[in-house]
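# Summary of the model geometry
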Amino acid sequence: GNSVTQMEGPVTLSEEAFLTINCTYTATGYPSLFWYVQYPGEGLQLLLKATKADDKGSNKGFEATYRKETTSFHLEKGSVQVSDSAVYFCARVDSGGGADGLTFGKGTHLIIQP
Amino acid sequence: DAGVIQSPRHEVTEMGQEVTLRCKPISGHNSLFWYRQTMMRGLELLIYFNNNVPIDDSGMPEDRFSAKMPNASFSTLKIQPSEPRDSAVYFCANTLAGESTDTQYFGPGTRLTVL
C-alpha cells in the first residue's frame, strides 16, 4: 500500500542552523504531499503542501519540493529558531477529485537549542 | 470560524466503560476524518465521511469502535467497551468545500486514557 517514510528523530540543532528533514513516499498514483507540524499539546497544523511534480511548497521560511524522480519531499529551512521546536509529519493523499485519508510518516521530533 | 472543535479535550475512564468523542467540523466542510495517534503506531486513519456518508471504515480497529455523522455539523466516535490499548489521542479533521479537497484541517484532539 501507500506509505511515507521520514527520518527518525529526535533531531537536535542549534538556533540559526540549517534544517533538513528527509521524506520519501511510495511511487503509486499521483499523490499530493504535505508537511504538518504539531506543537506540544496541540493538534496538527498544515505547514505546506505541493500537489504535483516540481511544485515547491513554502511557509514560515520552510520549503519542500515535490521530486517525482526521487519520490521525495524533503523539508528545509535556512535558519531555525527555538520556536520551531515541534514534531513534523510528512503525509500524502491520493489526488483524484474526491477527498481521501492522509497517510502519515512516523513524525520527526525537532529540538532547537538556543 | 472557530475551527474544528473536539470534546472533551481529555477523557479518563475505566476499562469496560463506553466512551464517546465528539467533533464539530468547520462550517462548509464536505469531508470529515477521524484519526488516532499513538506512540507505537503514529497517526492512523480510522474512518472518513463524504457529505455525511461513511466512505471508508477499514481503519476502525474492531467492532468496539463505531462512528456516526447524523448531520453536517456533528460527528461522534464511540468505543464500547473501552480497553487500555485504546488510550491515544483522537483527532477529527475536515476538508472545505470549494477548496482543494486535499487539504485537511485538524481539531485539537481528545486525549483518551483508559485505566
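Higher on the page you've got the structure.
Each value, and the rule that gives it
Residues numbered from 1 in each chain as written. Chains lettered and ligands numbered in written order. Predicted model: local features only at pLDDT ≥ 70, side-chain atom pairs only at ≥ 80, totals over all residues. Heavy atoms only, no water. Helix = DSSP H or I, 4+ residues; strand = E, 2+ residues; numbered from the N terminus. Rg over C-alpha atoms; globule rule 2.2 N^0.38 Å. Buried < 20%, exposed > 50% of the residue type's maximum accessible area, 1.4 Å probe, protein only. Contact = heavy atoms within 4.5 Å. Areas by Shrake-Rupley, 256 points an atom, 1.4 Å probe, with all protein chains shown as cover. Lys, Arg positive; Asp, Glu negative; His and termini not counted. Charge placed at Lys NZ, Arg CZ, Asp CG, Glu CD. Salt bridge = Lys/Arg side-chain N within 4 Å of Asp/Glu carboxyl O. Polar contact = N/O pair within 3.5 Å; in protein donor to acceptor, adjacent residues only side chain to side chain. Nonpolar A, V, L, I, M, F, W, Y, C, P; charged D, E, K, R; others polar. Pairing = 2+ DSSP bridges. Axes fitted to C-alpha atoms, helices over the stretch in contact; angles between N-to-C directions. Core = buried A, V, L, I, M, F, W, Y, C linked by side-chain atoms within 4.5 Å.

## A word on the overall build of chain A
Along chain A, the regular secondary structure elements total 0 helices and 12 strands. For chain A, the N- to C-terminal ordering of α and β elements is β-β-β-β-β-β-β-β-β-β-β-β. Compactness check: chain A gives a C-alpha radius of gyration of 14 Å against a globular reference of 13 Å for 114 residues, within 12% of the reference. Seen through its principal axes, chain A has C-alpha atoms that stretch 45 × 30 × 20 Å. Going through the 114 residues of chain A one by one, you find that 43% of them count as buried. For chain A, restricting intrachain contacts to residue pairs at least 6 apart in sequence, the fraction spanning at least 24 positions comes to 56%. Of the roughly 5400 Å² of accessible surface on chain A, a fraction of 48% belongs to carbon and sulfur atoms. The average position of the 9 basic charges and that of the 12 acidic charges among the side chains of chain A differ by 6 Å.

## Points about the interface of chain A and chain B
Every contact between the two is made by 22 residues of chain A and, on the other side, 21 residues of chain B. For the interface between chain A and chain B, the tally reads 0 salt bridges. At the junction of chain A and chain B, the tally comes to 4 residue pairs in polar contact (both at pLDDT 80 or more). Put simply, the parts of the chain that give the side of chain A that touches chain B at least two residues each are β5 (31-38), β6 (44-50) and β10 (86-94) of chain A. Take the side of chain A that touches chain B: its biggest share by element is 4 residues, from β5 of chain A. The residue inventory of the side of chain A that touches chain B, partitioned by class, reads 9 nonpolar, 9 polar and 4 charged.

## Observations concerning the sheet that holds strand β8 (residues 62-65) of chain A
Residue and element names in this part refer to chain A. Read across the sheet, 4 strands follow the order β3-β9-β8-β7 without closing on themselves; strand pairing throughout is antiparallel. At either end of the open sheet lies a strand with only one pairing partner, and these are β3 (19-21) and β7 (56-59). Going from strand to strand, the sheet's axes swing by 15° on average, the running direction of each strand aside. Looking at chain direction, β7 and β8 are connected through 4 bridges and run antiparallel. Its bridge partner being in β8, asparagine 59 is matched across the sheet by phenylalanine 62.

## Digging into the nonpolar core
Core analysis: the biggest nonpolar cluster contains 25 residues, and Trp35, Leu47, Leu48, Phe73, Leu75 and Tyr88 of chain A have the highest contact counts within it. Leave out the neighbours within four places in its chain, and leucine 75 of chain A touches Leu19, Thr20, Ile21, Trp35, Leu47, Leu48, Phe62, Glu63, Ala64 and Tyr88 of chain A. Val4, Leu21, Leu32 and Met69 of chain B belong to the second largest nonpolar core, which has 22 residues in total.

## Quick look at the side chain of glutamine 38 of chain A
Among the secondary structure elements, glutamine 38 of chain A is positioned in strand β5. Look at glutamine 38 of chain A and you get buried, because its relative accessible area is 12%. There is a polar contact of 3.0 Å between the side chain of glutamine 38 of chain A and the backbone oxygen of glutamate 42 of chain A. When neighbours within four sequence positions are excluded, glutamine 38 of chain A is seen to be in contact with Gly43, Leu44, Ala86, Val87 and Phe89 of chain A together with Gln37 and Phe91 of chain B.

## Re the sheet that holds strand β8 (residues 74-79) of chain B
Residues and elements named next belong to chain B. The 4 strands lie next to each other as β1-β3-β8-β7, forming an open sheet whose pairing is antiparallel. A single partner strand is all that each edge strand has here, and the edge strands are β1 (5-7) and β7 (65-71). For this sheet the average axis-to-axis angle between neighbouring strands, irrespective of direction, equals 15°. Pairing geometry for β7 and β8, over 5 bridges, is antiparallel. The partner of phenylalanine 65 across the bridge, within β8, is isoleucine 79.

## Digging into the pattern of salt bridges
Overall, the coordinates contain 12 salt bridges over all chains when judged by the stated rule. Of the charged contacts, one joins arginine 92 of chain A and aspartate 94 of chain A as a salt bridge, the two residues approaching to 2.6 Å between their closest N and O atoms. Judged by relative accessible area, which is 1%, arginine 92 of chain A ranks as buried. You can call aspartate 94 of chain A partly exposed: its relative accessible area is 26%. Two residues, arginine 85 of chain B and glutamate 83 of chain B, come together in a salt bridge whose shortest N-O distance is 2.6 Å. Among the charged side chains, a salt-bridge network with shared partners connects Glu62, Arg64, Glu83, Arg85 and Asp86 of chain B.

## Description of the pairing of strand β12 (residues 108-113) of chain A
All names here are of chain A. A one-sided burial pattern is seen for β12, the buried positions being Thr108, Leu110 and Ile112 and the unburied ones His109, Ile111 and Gln113. In terms of strand pairing, strand β2 (residues 11-14) meets β12 through 4 bridges, oriented parallel. Following the sheet pairing, leucine 13 is matched in β12 by isoleucine 112. In terms of strand pairing, β10 meets β12 through 3 bridges, oriented antiparallel. Across the sheet, the residue bridging to alanine 86 is leucine 110, located in β12.

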